[in-house]
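Fold and geometry: a report
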Amino acid sequence: MSTHDTAAPPAKEGGAAPGRPPAAPADAEARHRARLSRRWQRDIRWSPYAFVSPFFLLFLAFGLFPLIYTGWASLHQVEMTAPTDMNWVGLRNYTRIFDDDFFWNAARNTLTIGVISTVPQLLMAMGLAHILNYRLRASTFYRVAMLAPYATSIAAASLVFVLLFGRDYGMINWALDAVGVSPVDWQNDKWPSQIAVSTIIIWRWTGYNALIYLAAMQAIPQDLYESAALDGASRWQQFLHVTLPSLRPTILFTVVVSTIGASQVFGEPLLFDANKGASGGAEHQFQTLGLYLYEQGWVNQHLGRASAIAWTMFLILIVIGIVNYVISRRLRASS
């Protein structure tokens, strides 16, 4: 019986053993993997910056550059008729506006309108959020209805309120006359006009703040309410001792945002004026800082003074931000 020789043939002198991969393809594969690894690392490192770069480009074009240019223009005398002709005046634009009685009148009006609109707005928003926090039928409908005023155009809302607060044919005066109160000149008297402008702001922003409070309330653990109920606390006591302490950061946020918004009020008083001007009434009785800025820059065409007003408002917002930061740190430390 014959047998076959199955032994492997001897390797040739100087040649590679059979079955061993050649060295050159392995090195190429390693280099390819190294290139892919470096590319992947570069992609991981730089892709986030590429994704957010459009925001920074738009911010540089429409945010930072106008801010710097406005600051530079505030140190010059420049008119809208010749925006490229700038005469250096230093801080004279700032000293002029601080000596201007109309500026201080606008600042007082901005403060009073801000207080009249912010305080009732946030109190009403808190109450509405507390009601919506309970299980109600058609709760989604109510939440959407809360945002309807916020989504409404400022122009449309202001024009409707102008009709409501009309002196001769307005529905508000009609209701006041029905209960024996004499008609009010809402557009020409100081306090009635400021109350009317504040009413527009309250109507537009109450629902927005109510939804913010509602979201914060729903994040409060139910165990706290159950523990308070076991201790015999009523719903009002639960609201005072559980809900309000848990909402302190949210309340501070809405106060700061509403304050910033109140300092920039522009559309509502502009459209509420019967003469549709930037004077805020015949006697500037509800002219805000935003209207005063618009009047100096686009009506009187003093771009240098308007730039100084804009930077003054910007510094006011910085002060508000610093106060917010200090209060937030103290609240976090106390909690």
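Residues numbered from 1 in each chain as written. Predicted model: local features only at pLDDT ≥ 70, side-chain atom pairs only at ≥ 80, totals over all residues. Heavy atoms only, no water.

Describing the overall build of the protein chain
Along its length, the protein chain carries 13 helices and two strands. In terms of overall dimensions, the protein chain has C-alpha extents of about 135 × 75 × 40 Å along its principal axes. When burial is assessed residue by residue, the protein chain has 33% of its 335 residues classed as buried. Across the protein chain, every contact between residues at least 6 apart in sequence was considered, and the portion connecting residues at least 24 apart equals 65%. For the protein chain, the exposed surface amounts to about 21600 Å²; the carbon and sulfur share of it is 65%. On the protein chain, the mean spot of the 25 positive side-chain charges and the mean spot of the 21 negative ones are 12 Å from each other. (Helix = DSSP H or I, 4+ residues; strand = E, 2+ residues; numbered from the N terminus. Buried < 20%, exposed > 50% of the residue type's maximum accessible area, 1.4 Å probe, protein only. Contact = heavy atoms within 4.5 Å. Areas by Shrake-Rupley, 256 points an atom, 1.4 Å probe, with all protein chains shown as cover. Lys, Arg positive; Asp, Glu negative; His and termini not counted. Charge placed at Lys NZ, Arg CZ, Asp CG, Glu CD.)

Here's the deal with the nonpolar core
By size, the foremost hydrophobic cluster in this structure holds 18 residues, and its most contacted members are Met126, Tyr213, Met217 and Leu247. Going through the elements one at a time, helix 3 (101-132), helix 7 (190-218), helix 8 (222-230) and helix 9 (235-246) are the ones with two or more residues in this core. Per-element accounting of this core gives the leading share, six residues, to helix 7. Contacts of Met217, omitting those with residues within four sequence positions, involve Met126, Ala129, His130, Asn133, Phe239, Thr243 and Leu247. By size, the runner-up hydrophobic cluster in this structure holds 13 residues, among which are Ile113, Phe161, Trp186 and Phe286. (Core = buried A, V, L, I, M, F, W, Y, C linked by side-chain atoms within 4.5 Å.)

Examining unusual backbone geometry
Its identity as a non-glycine residue notwithstanding, His284 has a phi of 55°, on the positive side. Counting through the fold element by element, His284 comes out in the loop between helix 11 (267-272) and helix 12 (289-299). By relative accessible area, which is 15% here, His284 ends up buried. Even without glycine at this site, Gln301 takes up a positive phi of about 65°.

Quick notes on the pairing of strand 2 (residues 82-88)
Alignment of strand 1 (residues 76-79) against strand 2, held across three bridges, turns out to be antiparallel. Counterpart to Glu79 in the pairing with strand 2 is Ala82. Counted between consecutive antiparallel strands, the loop separating strand 1 from strand 2 contains two residues. (Pairing = 2+ DSSP bridges.)

Concerning the packing of helix 5 (residues 154-164) against helix 7
Packing of helix 5 against helix 7 brings their axes to within 10 Å, and their N-to-C directions diverge by 130°. Taken together, the axes of helix 5 and helix 7 are oblique relative to one another. In terms of crossing hand, the pair formed by helix 5 and helix 7 is right-handed. Together, Ile154, Ala157, Ser158 and Phe161 of helix 5 and Thr199, Ile200, Trp203 and Arg204 of helix 7 make up the contact between the two elements. (Axes fitted to C-alpha atoms, helices over the stretch in contact; angles between N-to-C directions. Parallel < 35°, antiparallel > 145°, perpendicular 65-115°, else oblique. Left-handed = near helix turned anticlockwise from the far one by under 90°.)

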